Amino acid sequence: MQVTVPHETNWVRLMVISKDGLILGTTALVGAGVVVIGANLWQSSWAVFKESPKEVVDEVWQVINHDYVDATFNGNDWRNIRNQYLNRNYTSKEEAYKAVQEMLEKLEDPYTRFMDPEQFKSMQIDTSGELTGVGIQITQDEETEAITVISPIEGSPAAEAGLLSQDVIVSVDGKSTKGMDINGVVSLIRGPVNSKVILTVLRENKKLNFTVTRARIEIHPVRFSYKNNSAGGVGYIRLNQFSNNASAEMREAIQALNKQNVEGFMLDLRSNPGGLLYSSAEIARMWMGKGTIVSTVDRKGGEDRLTSGKNTLTNKPLVILVDGGSASASEILAGALQDNKRAVLIGTKTFGKGLVQSVHPLEDGSGLAVTVAKYFTPNGRDINKKGIEPDIEVKLTDAQREVLFQDRDKIGTTADPQYAKALAILNEKILANTNGNNLQSSSQ
């Protein structure tokens, strides 16, 4: 079984979570070579390379050959590349790892990446929802190769230090990231708990230094509260990550707020970098009626659809807050609810990550993330590199962002301009919903 995720770039000392289905995680490696060269030849090849540094080179080649989204392999003769790299002599695993990275660079896809055993281990998180590190997700621009922050985890050392979505990391502890791949940058950033790392970022043409203390971070993806409001009580739910327990916590939040008789909901997806695709789909089903949530298309043009039935938890008015840090699974959820006319999106354009990766553990403990498909919103929108435009745009000035950073308790209050606008829109929807129900009652 292979495992897939809707984007994933790279968590710095972050996570791999296992569950059946579409996930960011690890399970047994799919036997990719059978399709390419037949079962007998695959077994023979495996016997030759077993316990050899060449083993990982061939293993990676087989997975790419079977799963990679681009059947042209970026215009490369992939069979010839296999011969080229297997004809080399490798005296160590490190030499083989370097060859694998060199081989993958030919695809010019920063999201298809190899991780040595230590790097792969550093992605892992246990089921308690705890991770070790600074708590940011980063990506590498396909054209400029700049290392960019997608989003810091709420409450993480990176968030507390002041790192923001779209910051470009130009150096780590004084070492330039220019010319480095994303794994190299991750290796520099990660380190022991309580140790410090200096991240230098470029933000709107200004260089800023942040000293971040690495920590063990316990993640609770959902927090919620009842908000008193002139048009009726509002349920505010902040979802900061689509982890393996996000859907369960979301269900609890909606049910608890329903018991308090809220008249409408506000779902805050700002700075939510994504996570598990199945979690996004499960949460979408709690809000929307029957319809398509997302579709994925692989390199053969095969299309899979995730759909929703009629068993929603609530049909009360819903508004969603999004911004440039809302990526991947966040965009799947926001796009599904927007296209199905279930929610109004408020804020700024989302990140724009519409690719699906499959994460494979390899025989020697290393790992491989492979782009295997593209995903589309229910209306067929390809949001990769484009993002999702909100229904109502509300930008924050630098001064407003600074106020919210200095006092994070203001996020999700009327001191938060995006929240304030969303609340005004939600009030309008609540009043319209109430008036509509009153008319329906009087006509019966």
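The rules behind these values
Residues numbered from 1 in each chain as written. Predicted model: local features only at pLDDT ≥ 70, side-chain atom pairs only at ≥ 80, totals over all residues. Heavy atoms only, no water. Helix = DSSP H or I, 4+ residues; strand = E, 2+ residues; numbered from the N terminus. Buried < 20%, exposed > 50% of the residue type's maximum accessible area, 1.4 Å probe, protein only. Contact = heavy atoms within 4.5 Å. Areas by Shrake-Rupley, 256 points an atom, 1.4 Å probe, with all protein chains shown as cover. Axes fitted to C-alpha atoms, helices over the stretch in contact; angles between N-to-C directions. Parallel < 35°, antiparallel > 145°, perpendicular 65-115°, else oblique. Left-handed = near helix turned anticlockwise from the far one by under 90°. Nonpolar A, V, L, I, M, F, W, Y, C, P; charged D, E, K, R; others polar. Phe/Tyr/Trp six-rings, centres within 6.5 Å; stacked < 30°, edge-to-face > 60°. Lys NZ or Arg CZ within 6 Å of the ring centre and 35° of its normal.

(A) Fine view of the overall build of the chain. Secondary structure summary: the chain contains 13 helices and 21 strands in total. Counting across all 444 residues of the chain, residues that qualify as buried make up 55%. Sequence-distant contacts, at least 24 apart, represent 71% of the contacts inside the chain between residues at least 6 apart. Carbon and sulfur atoms form 46% of the exposed surface of the chain, whose accessible area is close to 18,700 Å².

(B) Seen up close, the packing of helix α4 (residues 78–86) against helix α5 (residues 93–105). Remark: α4 packs on α5, axes separated minimally by 11 Å, with the N-to-C direction vectors making an angle of 160°. Our classification of the angle between α4 and α5 gives roughly antiparallel. When the axes of α4 and α5 are compared, the crossing they make is right-handed. Facing α4, whose interface residues are Trp 78, Ile 81 and Tyr 85, α5 presents Ala 99, Glu 102 and Met 103. Within the contact of α4 with α5, the residues separate by chemical class into five nonpolar, no polar and one charged.

(C) Here's a closer look at the packing of aromatic side chains. Per the stated rule, a full pass over the model turns up five aromatic pairs. Ring centres of Tyr 68 and Phe 73 lie 6.5 Å apart, and the angle between their planes is 20°; on these two criteria the pair is classed as stacked. With respect to burial, Tyr 68 and Phe 73 carry one shared label: buried. Ring geometry for Phe 265 and Trp 287: centres 5.2 Å apart, planes at 80°, overall edge-to-face. Taken together, the positions of Phe 265 in strand β14 (residues 264–268) and Trp 287 in helix α10 (residues 277–287) put the pair 22 residues apart, joining distant regions of the chain. Classification of Phe 265 as buried rests on a relative accessible area of 0%. One aromatic cluster is present, built from ring pairs that chain together Tyr 68, Phe 73 and Trp 78. In this structure, Arg 82 packs its charged tip against the face of Trp 61, placed 5.3 Å from the ring centre. In this structure, Lys 227 packs its charged tip against the face of Tyr 236, placed 5.2 Å from the ring centre.

No statement about biological role is implied by the geometric values presented.
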